[in-house]
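Listed here are the chains, written in short residue letters.
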Amino acid sequence: MMHAIKPARKLGVFRRALAHRLLSSSPLAGAEEAVSVDIFNPSPEHAALREMVRSFVNAEVEPQALQYNREERFNHALFRRAGELGLLGVTVDPEYGGAGMDATAACIVHEELSASDPAFCLSYLAHSQLFVNNLARNGSADQRARWLPAACRGEAIGGMGMSEPGAGTDVLAMRTTAKKQPDGGFLLNGAKMWITNGCVDDTQLGDLYLVYARTAGADVKPSKAVSLFLVEKGMRGFSLGQRIKDKCGMRASPTAELVFEDVHLPAENLVGAEGGATVCMMRNLEIERVVLAAMAVGIARRSLEVMNSYASERKAFGQPLSSFGQIQRHVAESYAEYMAGKTYLYQTSNALDLESAGNRLDTDGVKLFCTTMGKNVADRAVQVLGGYGYIGDYVVERLWRDSKLLEIGGGTLESHHKNMVRELAGVQRMP
Amino acid sequence: MITRSAAHSRVHRTFSRHLKVMVGVKRVIDYAVKIRVKPDKSGVETANVKMSMNPFDEIAVEEAVRLKEKKVATEIIAMTVGPTAAQEQLRTALAMGADRAVHVVTDAETLPIHVAKLMKAVCEKESPDLVILGKQAIDDDSNQTGQMLAALMDWPQGAFASAVSIKDGGLEVTREVDGGLETLAMKLPAVITADLRLNEPRYATLPNIMKAKKKKIDKFTTDELGVELKQHLKVLSVEDPPKREGGAKVESVDELIDKLRNVAKVID
Ligand SMILES: Cc1cc2nc3c(=O)[nH]c(=O)nc-3n(C[C@H](O)[C@H](O)[C@H](O)COP(=O)(O)OP(=O)(O)OC[C@H]3O[C@@H](n4cnc5c(N)ncnc54)[C@H](O)[C@@H]3O)c2cc1C
């Protein structure tokens, strides 16, 4: 039988391992060290971050994942705990309550969380990247000082509204409008669809949202017509349209439709320049695609670990599954694809400057490759486990369902194709 | 001004003013790694193996940090003896809350007596009021360093501490001994070694991981500390423990006694 990581406090795990160690004789450790450049953990701080998140995941994320996903509940307490550990503001300046780290650090957290609970990680992503990082990169100093500290501590939960019922891939066709008022403020009308963290349970909104809306008429071209606003829970006319239930996967991550009816936004809630939100959107979508790829890498890693240990322990026809050629192909191809994806991921994140925009090709490419890779590896894990793979206790069926979203959210596979080919049109020599 | 505690003349600094704690941290193979013996039997495989802070040392660091949070300790120094890479474990201790670190850099195999002598040299430089070590390291399981250090310094010791409190300017240490708990009162400076139940260590938070980067690590060689690493032991061979043979079910107590006597030969 294989062993799924069982709910256990860190010390519980350690105590058991220690008991095991003390029973067996312990040879002296040798002294040599392997020194190599590790692109997955380019600095000691990255390595320490990964280590810390992994301990947090083993002790606190893994034990709740199955239940919260089954019940379609968001674990708000766990979210606040992530705030205590300083994980909600990874890429934010320490001045505003963050850790001042880079895109690779963000990938590390997403990879580690997603190896256990992709749904919790998706809500983490919507908060820490789509809201927090978006405001940290595109907001003014006043706006950052006003909203980021509480968001970094986890006292406020945020999200981002771009998609609409009638506009997804074709996002600039959005119909939500913000009309300028004589007092300098704006009047917001419309609806946003599929908003992660749009609610925290069946009836309550989250706290803070960055919402894209048209601020110019049909005569202005779409790329100059969209602005970004900060919308707060409690503003008159802002309500929860519906909580979207019964998703295929990502069930512990709440998704909602947000409705705006004559919501009055003060001028201070305009983020960036009026009509200048397209570049904010593109910049934030770049890091979003990269951390979504990191989530897929986390799913692949866990699936691979599960299938690898199962294949060597489970016997059929008197032999371990790993002795059968077809199973060997599942395991070996999964490993090679996982390593290829992970290497592409960290290669891309190590080169991504969060202040820049226009990093299309590889942020699209890495999400295109990794998300399908993650889904395929999860699928092979279910296949290798047979019937056991098809039930919740063995984790991989949940990862398999969650993995599909990554091919849709943050840009569909087809949108990556389209954008990459446009970028590649100008490239003669490949790297 | 340093006031003297009348009751404990050996405590040259009272707590309200200054209490310096030194904690030992050792770089070991991570507890979750499956240990593999090298093919040439010279030791265990450490190349590309995950290394971590000895878990008992994490408990020692945590205890020091709690003493500081209770405003009992005023400064925490983490110290290690080990290769350059052991800096990672010092950074972990700094991220958990130690203020600065001392690294005795050596690639040599060290025995508990070497480490105890090096710690003594550091104690003489730093004059800590309290040294907290793990009760043992999970690589060699020696369980000697703390006791040796106490002897070398001629300080009281509380090994296998499961609770520590400050009382009347001294320490009260609860120890887990066979058959119960023993409570010792001791004066400072002292050495204690942490048992598993002393506390549950925290995770270093991300902001603290970043802050640790800026904390100071002083480096020394063994020569600078005047300690010679004389090798008293030679490892002849390291081998895997024998594989366990599968058990068998018995039908009755009589059969069990018979098997214990005639097959296992553990009773006559
Ligand atoms: C669980 C979940 C969470 C989400 N969270 C958020 C969120 O927090 N914020 C947010 O703003 N949005 C969010 N989304 C929305 C998500 O980004 C969109 O679903 C996605 O962009 C696709 O848009 P759509 O669903 O309207 O599909 P459509 O754009 O209608 O696409 C339908 C199909 O047509 C294809 N297609 C469309 N245009 C082209 C083309 N030009 N060429 C070829 N094929 C094309 C697509 O690839 C797809 O296969 C979330 C979605 C889900 C499911």
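Residues numbered from 1 in each chain as written. Chains lettered and ligands numbered in written order. Predicted model: local features only at pLDDT ≥ 70, side-chain atom pairs only at ≥ 80, totals over all residues. Heavy atoms only, no water.

**Here's the deal with the UniProt feature "domain: Acyl-CoA dehydrogenase/oxidase N-terminal" (unreviewed entry) in chain A**
Then, number 1: Per the UniProt entry, the sites bearing "domain: Acyl-CoA dehydrogenase/oxidase N-terminal" (unreviewed entry) are residues 43-155 of chain A in this numbering.
Then, number 2: Helix makes up 73% of residues 43-155 of chain A and strand 0%. Its end C-alpha atoms lie 30 Å apart. (UniProt positions renumbered as here; feature names shortened; annotations may be inferred. Helix = DSSP H or I, 4+ residues; strand = E, 2+ residues; numbered from the N terminus.)

**As for the pattern of salt bridges**
Residues and elements named next belong to chain A.
Then, number 1: Scanning all chains against the criterion turns up 47 salt bridges over all chains.
Then, number 2: Glutamate 71 is paired through a salt bridge with arginine 73; the nearest N and O atoms lie 3.0 Å apart.
Then, number 3: A salt bridge links arginine 401 to glutamate 397; the nearest nitrogen and oxygen atoms lie 2.9 Å apart. Taken together, the positions of arginine 401 and glutamate 397, both in helix α10 (residues 396-405) and four residues apart, correspond to about one turn of that helix.
Then, number 4: Salt bridges here are not isolated pairs; linked through shared partners, they connect Arg50, Arg54, Glu111, Glu112, Arg301, Glu305 and Lys342. (Salt bridge = Lys/Arg side-chain N within 4 Å of Asp/Glu carboxyl O.)

**Quick word on the packing of aromatic side chains**
Residues and elements named next belong to chain A.
Then, number 1: For the structure shown, the criterion picks out seven aromatic pairs over all chains.
Then, number 2: On the numbers, 5.8 Å between centres and 80° between planes, the contact of tyrosine 209 with phenylalanine 238 is edge-to-face. A residue pair is termed long-range when its members are at least 10 positions apart, and tyrosine 209 in strand β4 (residues 208-214) and phenylalanine 238 in strand β6 (residues 238-243) qualify at 29 residues. This pair shows no difference in class: tyrosine 209 is buried, exactly as phenylalanine 238 is. (Phe/Tyr/Trp six-rings, centres within 6.5 Å; stacked < 30°, edge-to-face > 60°. Buried < 20%, exposed > 50% of the residue type's maximum accessible area, 1.4 Å probe, protein only.)

**Some thoughts on the packing of helix α5 (residues 118-138) of chain A against helix α6 (residues 141-153) of chain A**
Residues and elements named next belong to chain A.
Then, number 1: The contact between α5 and α6 brings their axes to 9 Å, and the two run at 155°. Regarding the angle of α5 to α6, the classification is roughly antiparallel. Of the two elements, α5 crosses α6, and the hand of that crossing is left-handed. Two secondary-structure elements touch here, α5 through His127, Phe131, Val132, Leu135 and Ala136 and α6 through Gln143, Arg144, Trp147, Leu148, Ala151 and Cys152. (Axes fitted to C-alpha atoms, helices over the stretch in contact; angles between N-to-C directions. Parallel < 35°, antiparallel > 145°, perpendicular 65-115°, else oblique. Left-handed = near helix turned anticlockwise from the far one by under 90°. Contact = heavy atoms within 4.5 Å.)

**Side note on the side chain of A:Glu60**
Then, number 1: By the secondary structure assignment, A:Glu60 is in helix α2 (residues 44-70).
Then, number 2: Accessibility expressed as a relative area gives 16% for A:Glu60, which makes it buried.
Then, number 3: A distance of 3.4 Å separates the side chain of A:Glu60 from the side chain of B:Tyr203, its partner in a polar contact. (Polar contact = N/O pair within 3.5 Å; in protein donor to acceptor, adjacent residues only side chain to side chain.)

**Quick word on the sheet that holds strand β9 (residues 180-186) of chain B**
Pairing between the strands of a sheet is mediated by backbone hydrogen bonds and can be parallel or antiparallel.
Residues and elements named next belong to chain B.
Then, number 1: The nine strands are arranged β9-β8-β7-β10-β6-β1-β4-β5-β11 in an open sheet whose pairing can be described as mixed. Each end of this open sheet is capped by a strand with a single partner; those strands are β9 and β11 (217-220). Across this sheet, the average inter-strand angle for adjacent strands is 30°, counted without regard to direction.
Then, number 2: Both strand β4 (residues 75-82) and strand β5 (residues 100-105) contribute to a ladder of six bridges, which runs parallel. Following the sheet pairing, isoleucine 77 is matched in β5 by arginine 100.
Then, number 3: Most of the contacts of helix α2 (residues 87-96) go to β5, to which it runs at about 165°, and overall it touches β4, β5 and β11.
Then, number 4: Lying on the sheet, helix α4 (residues 145-153) is in contact with β6 (130-134), β7 (157-167) and β10 (190-194); it crosses β10 at an angle near 175°. (Pairing = 2+ DSSP bridges.)

**Remarks on the nonpolar core**
Then, number 1: Core analysis: the biggest nonpolar cluster contains 149 residues, and A:Leu49, A:Leu87, A:Leu113 and A:Tyr212 have the highest contact counts within it.
Then, number 2: Those residues in contact with A:Leu87, other than ones at most four positions away along the chain, are A:Leu49, A:Met52, A:Val53, A:Phe56, A:Ala82, A:Val109, A:Tyr124 and B:Leu206.
Then, number 3: Counting 24 residues, the second-largest nonpolar core is a separate cluster that includes B:Ile77, B:Ala116, B:Met119 and B:Met153. (Core = buried A, V, L, I, M, F, W, Y, C linked by side-chain atoms within 4.5 Å.)

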